[in-house]
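Structure assessment
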Amino acid sequence: MKKKYFLVIIGLIIIAILLKIKPKNEGPNLPKEDDVESISLINILDGRGIERWTISDKDDIEKFLQNLENSKKTKKESVSDFPDKDEFILVSFKMSDGGYIRSTIHEEYKKLYFEQAYVGIYELSYKDISSFLKSTAKEENKENISEDLEDILDDDF
């Protein structure tokens, strides 16, 4: 009888350990849709902003946030403000209360990643993001710009 209790306790301990070390697939920490006034997607090339699309429609904001929520956390770590890439997209959430939340999207080895500085890097569905951008970030909504990244961050660009 004691042997059965001992085996049950050992089994429960093993299950608890396995559950503890099981990787969690936590998504990114995103703002609530109602708190976002608009989203700017700024194409950064060699430290300069060259194009900007602004998403203001609430349905489009909801779809974009949903695409980000569906991302999968990677084992990669975010160790700087921006990815060490020549080209990436700066995602700037303009909040209803007047502040900004900034993150990035970049491509690496034909995969797309959403990076929250110092928090985490998440793999995006290339198909979903591409489809969203094709339907939302239309040519008529594109604004050609030529601004240094520092100026974009300093000014409420």
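In this numbering scheme, every chain counts its residues from 1 along its sequence in written order. For a predicted model such as this one, the threshold for reporting local features is a pLDDT of at least 70, and the threshold for listing and counting side-chain atom pairs is 80 or more; totals across whole chains, interfaces and linings nevertheless cover every residue. Here the side-chain values reflect all heavy atoms present in the structure, with hydrogen atoms and water set aside.

1. Some thoughts on the nonpolar core
What tends to happen in soluble globular proteins is that the nonpolar side chains get buried as a cluster. To be explicit about the condition: The criterion is simple. A nonpolar core is a set of buried Ala, Val, Leu, Ile, Met, Phe, Trp, Tyr and Cys residues joined through side-chain atoms within 4.5 Å. Exposure categories follow from relative accessible area, calculated using a 1.4 Å probe and restricted to protein chains: below 20% of the type maximum is buried, above 50% is exposed, and the middle band is partly exposed. Think of it this way: any DSSP run of H or I at least four residues long counts as a helix, any run of E at least two long counts as a strand, and we number them from the N terminus.
Core analysis: the biggest nonpolar cluster contains 19 residues, and Ile39, Phe64 and Phe93 have the highest contact counts within it. Elements represented by at least two residues in this core include exactly β1 (36–45), α2 (58–69), β4 (87–95), β6 (111–116), β7 (120–124) and α3 (126–136). Membership of the second largest hydrophobic core comes to seven residues, among which are Ile44, Phe88, Leu90 and Ile152.

2. With respect to a nonpolar patch on the surface
Basically, it comes down to this: By definition, no residue in a patch forms a salt bridge, and every one has over 30% relative accessible area; like charges are joined within 9 Å, nonpolar side chains (Val, Leu, Ile, Met, Phe, Trp, Tyr) within 5 Å. We get accessible surface area from the Shrake-Rupley algorithm with a probe of 1.4 Å; when it comes to residues, only the shown protein chains can shield them. Think of a salt bridge as a Lys or Arg side-chain nitrogen and an Asp or Glu carboxyl oxygen that are within 4 Å of each other.
Together, Phe6, Leu7, Ile9, Ile10, Ile13, Ile14, Ile17 and Leu18 line one region of the surface with nonpolar side chains, adding up to about 760 Å² of accessible area. Relative to the helices and strands, phenylalanine 6 resides in helix α1 (residues 2–21). Residue phenylalanine 6 is classed as exposed on the basis of its relative accessible area, which comes to 52%.

3. Considerations on a negative patch on the surface
As a reminder of what qualifies: Charge assignment in this entry is limited to Lys and Arg as positive and Asp and Glu as negative, and neither His nor the chain termini are counted. Lysine's charge is taken at NZ, arginine's at CZ, aspartate's at CG and glutamate's at CD.
Residues Asp46, Asp84, Asp86, Glu87 and Glu107 make up a contiguous surface patch of negative charge. Within the secondary structure layout, glutamate 107 lies in strand β5 (residues 100–108). Looking at glutamate 107, the relative accessible area reads 42%, which means it is partly exposed.

4. Some remarks on the sheet that holds strand β3 (residues 72–73)
Convention followed: If DSSP finds at least two bridges between two strands, the strands pair. Note on definitions: a residue-residue contact is assigned when non-hydrogen atoms from the two residues lie within 4.5 Å. Think of each axis as a best-fit line through the C-alpha atoms, taken over the contacting stretch in the case of a helix, with angles from 0 to 180 degrees between the N-to-C directions.
Pairing within the open sheet is antiparallel, and its eight strands lie in the order β3-β7-β6-β5-β4-β1-β2-β8. In this open sheet, the two strands that pair with only one neighbour each are β3 and β8 (142–148). In this sheet, β4 lies alongside β1 in antiparallel orientation, the contact comprising nine bridges. Looking across to β4, one finds that serine 38 is bridged to lysine 94. Contacting β1, β2 (48–55), β5, β6 and β7, α3 runs over the sheet at an angle of about 80° to β6.

5. A word on the packing of α2 against α3
Quick note on the threshold: Reported orientations rely on four angle classes, namely roughly parallel under 35 degrees, roughly antiparallel over 145, roughly perpendicular from 65 to 115, and oblique for the rest. By definition, any crossing whose near helix is turned counterclockwise from its far helix by less than a right angle is left-handed, and any crossing with a clockwise turn is right-handed. Any residue outside Ala, Val, Leu, Ile, Met, Phe, Trp, Tyr, Cys, Pro, Asp, Glu, Lys and Arg is labelled polar, Gly included; the first ten of those are nonpolar and the last four are charged.
Across the interface, α2 lies against α3 with an axial gap of 10 Å and an inter-helix angle of 165°. The angle between α2 and α3 places the two elements in the roughly antiparallel class. The two elements α2 and α3 meet at a crossing, and its hand is left-handed. Residues Asp60, Lys63, Phe64 and Asn67 of α2 form the contact with α3, whose participating residues are Asp128, Ile129, Phe132 and Thr136. Considered class by class, the residues forming the contact of α2 with α3 number three nonpolar, two polar and three charged.

6. Section: the packing of aromatic side chains
Basically, it comes down to this: Between 30 and 60 degrees the pair is tilted, below 30 it is stacked and above 60 it is edge-to-face, where a pair is any two Phe, Tyr or Trp rings, Trp via its six-membered ring, whose centres lie within 6.5 Å.
Enumeration over the complete set of coordinates arrives at two aromatic pairs. Relative to phenylalanine 132, the ring of phenylalanine 64 has its centre 5.4 Å away and its plane inclined at 40°; by these criteria the two rings are tilted. Of the two residues, phenylalanine 64 sits in helix α2 while phenylalanine 132 sits in helix α3, which places them 68 residues apart along the sequence. For phenylalanine 64, a relative accessible area of 1% puts it in the buried group.

7. Some words on the pairing of β2
As paired elements, β1 and β2 share seven bridges and run antiparallel to each other. By the bridge assignment, leucine 45 is partnered in β2 with arginine 48. Between β1 and β2, which follow one another and run antiparallel, lie two residues, and aspartate 46 among them has a positive phi close to 50°. One ladder, built from five bridges, connects β2 with β8; its direction is antiparallel. In the sheet register, arginine 48 faces β8, and the bridge partner there is aspartate 148.

In short, shape yes, function no, at least from these values alone.
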